[in-house]
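# A structural walkthrough
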Amino acid sequence: MKTPGKQQADELATYKRASAALRKKTAAAAIPDEREILPVNGRIRLTLTGQPLNFEQQKALFGESTFSPAVMRELADDGT
């Protein structure tokens, strides 16, 4: 494998400078999302103040997917 020539090295350096400038520009123009959850001291802290979904809301969101007690017993017995 050949080492890059002077022209290739110059093109690579130019590309790296341009990409760094673009990353800076993109980061500076970014609008923070107030709903975004950010870590504090390496930990994510959540305050759950919402109400749980009722059965109809769950059904509308996730569809009708319920396990019968027989299926749950079978899963527990088989371990699969």
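Residues numbered from 1 in each chain as written. Predicted model: local features only at pLDDT ≥ 70, side-chain atom pairs only at ≥ 80, totals over all residues. Heavy atoms only, no water.

## Observations concerning the overall build of the chain
From N to C terminus, the chain includes three helices and zero strands. Mapped from its N terminus to its C terminus, the chain presents α and β elements in the order α-α-α. A compact globule built from 80 residues should have a C-alpha radius of gyration of about 12 Å, whereas the chain, at 27 Å, is more than 25% larger. Across its three principal directions, the C-alpha atoms of the chain cover 70 × 40 × 30 Å. In the chain, buried positions account for 1% of the 80 residues. Counting only carbon and sulfur atoms, one obtains 58% of the accessible surface of the chain, whose full area is about 8300 Å². Charge separation in the chain, taken as the distance between the mean sites of 12 positive and 10 negative side-chain charges, equals 18 Å. (Helix = DSSP H or I, 4+ residues; strand = E, 2+ residues; numbered from the N terminus. Rg over C-alpha atoms; globule rule 2.2 N^0.38 Å. Buried < 20%, exposed > 50% of the residue type's maximum accessible area, 1.4 Å probe, protein only. Areas by Shrake-Rupley, 256 points an atom, 1.4 Å probe, with all protein chains shown as cover. Lys, Arg positive; Asp, Glu negative; His and termini not counted. Charge placed at Lys NZ, Arg CZ, Asp CG, Glu CD.)

## So, the environment of Phe 67
Within the fold, Phe 67 resides in the loop between helix H2 (55-62) and helix H3 (69-78). Taking relative accessible area as the criterion, Phe 67 reaches 59% and is therefore assigned exposed. Leave out the neighbours within four places in its chain, and Phe 67 touches Met 72 and Leu 75. (Contact = heavy atoms within 4.5 Å.)

## Re a nonpolar patch on the surface
Residues Ile 37, Ile 44, Leu 46 and Leu 48 make up a contiguous nonpolar surface patch of roughly 460 Å² in combined accessible area. Residue position: Ile 37 is located in the loop between helix H1 (6-29) and H2. Since its relative accessible area comes to 47%, Ile 37 is described here as partly exposed. (Patch = residues over 30% accessible without salt bridge, like charges linked within 9 Å, V, L, I, M, F, W, Y side chains within 5 Å. Salt bridge = Lys/Arg side-chain N within 4 Å of Asp/Glu carboxyl O.)

## Examining unusual backbone geometry
Residues other than glycine seldom take positive phi values, yet Asn 41 does so here, at roughly 55 degrees. By secondary structure assignment, the location of Asn 41 is in the loop between H1 and H2. Here Asn 41 falls in the exposed class, since its relative accessible area comes to 77%.

## Some points on the environment of Gln 57
Summarising the element assignment, Gln 57 is placed in helix H2. Overall, Gln 57 belongs to the partly exposed group, its relative accessible area being 37%. Residues Gln 57 and Glu 11 lie 46 residues apart in sequence; the distance between their C-alpha atoms is 57 Å.

These results come straight from atomic positions and should not be treated as a statement about function.
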